[in-house]
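# Breakdown of the fold
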Amino acid sequence: MAPKSLFTQAAQDAAQFLSREAARRLTDRIISFSKADSIRVNITSGWTGNTRFAGGQVTTSGNTNDTSVTIQSTIGRRRASATTNVLDDESLRRTVDLAERLARLSPEDPELMPELGPQQYMPITNLFDSTAGLTPEQRVAAVNSLIGAGEAAWKGVNSPGSLFVAGFLDADAGATVVANNKGLFAYQPSSSVRLSNTARTPEGTGSGWASANARDWKRLDPLYLGRRAAQKAVQSRSPLAVEPGFYTVVLEPAAAAQLVGQVGGALNARAAEEGRNAFAMRGGGTRLGQKVFDERVTFYSDPADPEVLADPFDAEGFPASRAVWIENGVLKQLQYDRFWAQRKGVNATMGGGGRGRGGGGGGGGGSIRMRSGTKTLDQLIAETRRGILVTHFFYTNVLDPRSMLLTGLTRDGTFLIENGRVVRPVKNFRFNQSVMQMLNSIEEIGKSDPAQSASPAPPMRVSDFNFASVTDAV
Amino acid sequence: MSPNRRDFVKASATAAAVTALGPRILTAQPSRLIVAAPGEAYSEELAVEAINAARDAGAQYADARVGRYRRQTLNTRERQITGVSDAETYGIGVRTLVDGAWGFAATANVTKDGVVRCAREAVRLSRAAKRSQRKPVELAPVAPVKGTWITPIKKDPIDVPIEEKVALLFATNEAALKVPKIRFCTSGLQLLREVKTLATTEGTLITQTFVRSAASFDATASDAGITESFSEELPPRSEGWEYIESLNMPGNAAEWAQVAVEKLTAKSVDPGVWDLIIQPTNLWLTIHESIGHPTELDRAMGYEANFAGTSFINPPEKMIGKLKYGPEFMTVQGDRTQPFSVGLCAWDDEGVPADTWNIVEKGMFKDYQTTREQAAWIAPLTGVNRSHGCSYADSWDKVQFQRMPNISLMPNAQDVTLNDMISSTDRGIMIRNRGSWSIDHQRYNFSFSGQAYYEIKGGKVERMLKDVAYQASTPVFWNSMDLIGGKSSYWLGGSFSDGKGEPSQSNGVSHGCPPARFRKVDVINTARSV
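What you see is a predicted model; the values in this text were computed from it and never measured. (Residues numbered from 1 in each chain as written. Chains lettered and ligands numbered in written order. Predicted model: local features only at pLDDT ≥ 70, side-chain atom pairs only at ≥ 80, totals over all residues.)

## A look at the overall build of chain B
- When helices and strands are tallied, chain B shows twelve helices and 25 strands.
- Expected size for 530 residues packed as a compact globule is a radius of gyration near 24 Å; at 24 Å, chain B falls within 12% of this value.
- Seen along its three principal axes, the alpha-carbon backbone of chain B occupies a region of about 70 × 60 × 45 Å.
- Burial status across chain B gives 58% buried among its 530 residues.
- The long-range fraction of contacts in chain B, counting pairs at least 24 apart against all pairs at least 6 apart in sequence, stands at 75%. (Helix = DSSP H or I, 4+ residues; strand = E, 2+ residues; numbered from the N terminus. Rg over C-alpha atoms; globule rule 2.2 N^0.38 Å. Buried ≥ 20, exposed ≤ 12 C-beta atoms within 10 Å, placed from the backbone. Contact = placed C-beta atoms within 7 Å.)

See below:
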């Protein structure tokens, strides 16, 4: 006997994910099975379509449909969850039973917070038909045009062999749902799409990369991305090693984002108060109210910002809101989840139940952005006497969370700048660099590139960046 | 409806209270496992339905994987639970070749209509991919096979009562918290059961049940404004609850926590060039990153260029039999056959039988990791026409591709012990357990730290050090290896979560090795003032 389908065939053909009404019916049905004191239902329902390419051709591609339900049951102060994607009544009942059984067996959680009641959310338009309706044929056509643009750029160089282009186009459309038996019901449809590519020159000494993502497929330009990666590959051929050491660096937005992305994680109030992160004060307390970065550095959250792929609520259904975390270099507030906020007698700035699909992060944990300056990337380069231009980094990992000391490598286009001009490619470096120190060594913060949508950081120029060693990796 | 399917439904109804979301695996007798074969017949029927539909729609080759995955995790912190979850996912993925172009589609709608539509969608993707194709895919031959296989376990970890699991973790934390200066500790369990059915248009029809278990432990000590943590290395294994019991976490927790306390007064390392004795609990990850990844053939050929990166072991014709990876006593084996290893299976996700082969032999690079699509790319160089059986997908909704099998450094033929290595070292640092790691996209330049470090002076462990990371280039590092431990010092490390591919997939893998000594390696101090 086959499991019963949740939808009619026609409904499945029309929409590839749960509608608000269907989601409401499903969550009502699940909640009706519950015997627990409280129940929360989290649903992700959606479609993904991807096309991967290498050597100038599609290597793999796939379309996937799935709806997954996580049921969290609370009995007294005991709580547990169970997840399934089998959606007939029998399976859903079994999953509700399992969550309740696990909850009864779990010890009491002294930090348990009650489920939220009904909430108000910021209206955000995250779903675009251009993305939700992207067909396999359209994806292959976009990939072909990207590859063509890259190869054309290589032909202009008049060198033997052909450019090796590899990349990935990945789109999704779906709905995130949170509902509980205290009257909360949150539903957000969204789409997103990412296109990235790496171009490598045939003799193996040059590599370039370009990437963009957006909610709306129309905002991505495959020709631009193919051309840009190819140009970087051509320019980065036959790099020379320069001595490791402390350099002024110009970080493109992708590179900057990989480093300043650490700041969001360090805003956790509890970790700071317990002495475990960079905003902890040595000997106890936090650095709240202190100047922690250069006065030009501001970090904020705005769920309605179209450049940030944020959701209006987190997994608990806690509403996202606008917030300024670091203003003109001063740590203005930390992120308090609901439990820690109650314990400390402050307002919660995030739910605490983890992040929803798309990284909503309640108060903005997943959507933190660094404020832009006014100068373009080209201007940042033009004003550099001697420095290194970094396209992006690879394999960054934390060496010491207390100073946000990171290690990692440059990749796909690392260049020497002299007297305001990119003069030659250099071999990639390993860096060992504290983000705390870097954001205190800012020379200039640039303007976000409109072609690089959805980047959480602008380009920037910083001094005394520590390149520890050179690698032969291209 | 087959008898098996009917039995399952009946069993599930009566056993619903025993968390039987998926097929139940029953413990019958020690070292034997009886799987009730629930749902198998239904999965096989639908998988065959899917490949037939794909063929009808024009595919010259198709495979269908029905997967039912059950993952249970428990995490605790001091005297409280920070998470208990139990997740089930069920669906089918269909892969097709039309004129040598791949297509793939997956759906959770595991009904006859659902799988037929899914198969047609896969063919549509094949046809779309054909529009960009330059070189058609060719598959290495494999004999069709029919059969079933299950991980040999004694006690299904999913079926162990949750009370027992929580009690074990709380007893572990309690023992750690009794150690003076220990302020925080965490412990956890990750338990998996996966049932996979594969059908191919070449006649293969197999069902495998995988059971895997892992644990974690971490303690944080604090005194006089200094905080230090220690994580014990508790690797995942293809074993049941008996493995978790064998770790004796409550009995060992105090000893593990004590290491964090000792770190409080450890001397910060003098950066510079040091000889290193690396214990298997750290070295497994260095093997993974600097031997495992660069010997993936798809990486070497550029297929991962846009994400995980490429490989310095490229092009194959200049590397196979020519690249000196390390000293002559260095042999590195690839396999999916080692008992208890995470990579253990009977067949891979293309129905290729599990293999054992040398990747590095007598210090020379010999062969890559391959799938059916890749085997022919290097067959003239290696003389190997078969796939090494490295095809894997982490779920029904992802396409299978080349993933790392177990990659292990073989031990010394002589029985050299860790103590022998220490006593023959004049000045060095011994490194225990995995810390932070980072390696470049061609796998040359790497940085690894550990959890505990010990200064060796005049053949003896002198004192504890801290703030150590070693940074080196892969060929230089492995060629600086001058001594490895014997068979008795061989230990199997590993991870459940090795990421690769776009969309990213997670692969479980084991790496066995003895301790090894490396001469003149760069060591940095990670606590430099900023």
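## With respect to the overall build of chain A
- Counting its regular elements, chain A contains eleven helices and 17 strands.
- Computed over C-alpha atoms, the radius of gyration of chain A comes to 24 Å, within 12% of the 23 Å expected from 2.2 N^0.38 for 474 residues, which places it in the range of a compact globule.
- Considered along the principal axes of its C-alpha atoms, chain A spans approximately 70 × 60 × 35 Å.
- In chain A, the share of contacts with a sequence separation of at least 24, taken over all contacts with a separation of at least 6, comes to 73%.

## Regarding the nonpolar core
- Residues A50, A54, I92, V94, A119 and I429 of chain B are the most contacted members of the largest nonpolar core, which totals 276 residues.
- Here this core gets eleven residues from one element, more than from any other, and that element is strand 4 (residues 164-180) of chain A. (Core = buried A, V, L, I, M, F, W, Y, C linked by C-beta atoms within 7 Å.)

## Regarding the domain arrangement of chain B
Residues and elements named next belong to chain B.
- By the assigned domains, chain B splits into domain 1 (3-264) and domain 2 (267-525).
- Domain 1 and domain 2 are separated by 24 Å when their C-alpha centres are compared.
- Between domain 1 and domain 2, the contact holds 40 residues from the first and 37 residues from the second.
- Elements represented by at least two residues in the side of domain 1 that touches domain 2 include exactly strand 3 (61-77), strand 4 (80-98), strand 5 (101-107), strand 7 (182-200), strand 8 (205-223), strand 9 (226-232) and helix 6 (249-264). (Domains from an automatic or database assignment.)

## Remarks on the interface of chain B and chain A
- Residue-level contacts link 67 residues of chain B with 81 residues of chain A.
- Of all the secondary structure elements, the ones that give two or more residues to the side of chain B that touches chain A are strand 4, strand 5, helix 3 (112-130), helix 4 (162-177), strand 18 (427-439), strand 19 (445-457) and strand 21 (468-473) of chain B.
- Top element by residues in the side of chain B that touches chain A is strand 4 of chain B. It accounts for ten residues.
- Residues of the side of chain B that touches chain A, tallied by class, amount to 31 nonpolar, 25 polar and eleven charged.
- In terms of strand pairing, strand 3 (residues 78-84) of chain A meets strand 4 of chain B through three bridges, oriented parallel. Looking across to strand 4 of chain B, one finds that S81 of chain A is bridged to S85 of chain B. (Nonpolar A, V, L, I, M, F, W, Y, C, P; charged D, E, K, R; others polar. Pairing = 2+ DSSP bridges.)

## Some details on the domain arrangement of chain A
All names here are of chain A.
- Segmentation of chain A into domains returns domain 1 (9-228) and domain 2 (239-259 + 372-470).
- Domain 1 and domain 2 are separated by 31 Å when their C-alpha centres are compared.
- If one sorts the elements of the side of domain 1 that touches domain 2 by residue count, strand 6 (residues 207-214) sits on top with seven residues.
- A class-by-class count of the residues in the side of domain 1 that touches domain 2 yields four nonpolar, six polar and two charged.

## Some points on the sheet that holds strand 11 (residues 368-370) of chain A
Residues and elements named next belong to chain A.
- Taken together, four strands build an open sheet; the order of strands is 10-9-8-11 and the sheet is antiparallel. Each end of this open sheet is capped by a strand with a single partner; those strands are strand 10 (330-331) and strand 11.
- Examined bridge by bridge, strand 8 (residues 299-301) and strand 11 share three bridges and lie antiparallel to one another. Within strand 11, the position partnered with F299 by the bridge is M370.

## Points about the environment of I378 of chain B
- With respect to the helices and strands, the residue I378 of chain B is situated in helix 10 (residues 372-382).
- A C-alpha to C-alpha distance of 8.8 Å links I378 of chain B and D367 of chain B, two positions eleven residues apart in sequence.

## Brief notes about the packing of helix 4 of chain B against helix 6 of chain B
Residues and elements named next belong to chain B.
- Two elements in contact, helix 4 and helix 6, have axes separated by 7 Å at closest approach and are oriented at 30°. Relative to helix 6, helix 4 is oriented roughly parallel. The handedness of the crossing between helix 4 and helix 6 comes out as right-handed. Between helix 4, through L168, A171, T172, A175 and A176, and helix 6, the contact on the second element is made entirely by M249, P250, A253, A254 and A257.
- Class assignment for the residues of the contact of helix 4 with helix 6 results in nine nonpolar, one polar and no charged. (Axes fitted to C-alpha atoms, helices over the stretch in contact; angles between N-to-C directions. Parallel < 35°, antiparallel > 145°, perpendicular 65-115°, else oblique. Left-handed = near helix turned anticlockwise from the far one by under 90°.)

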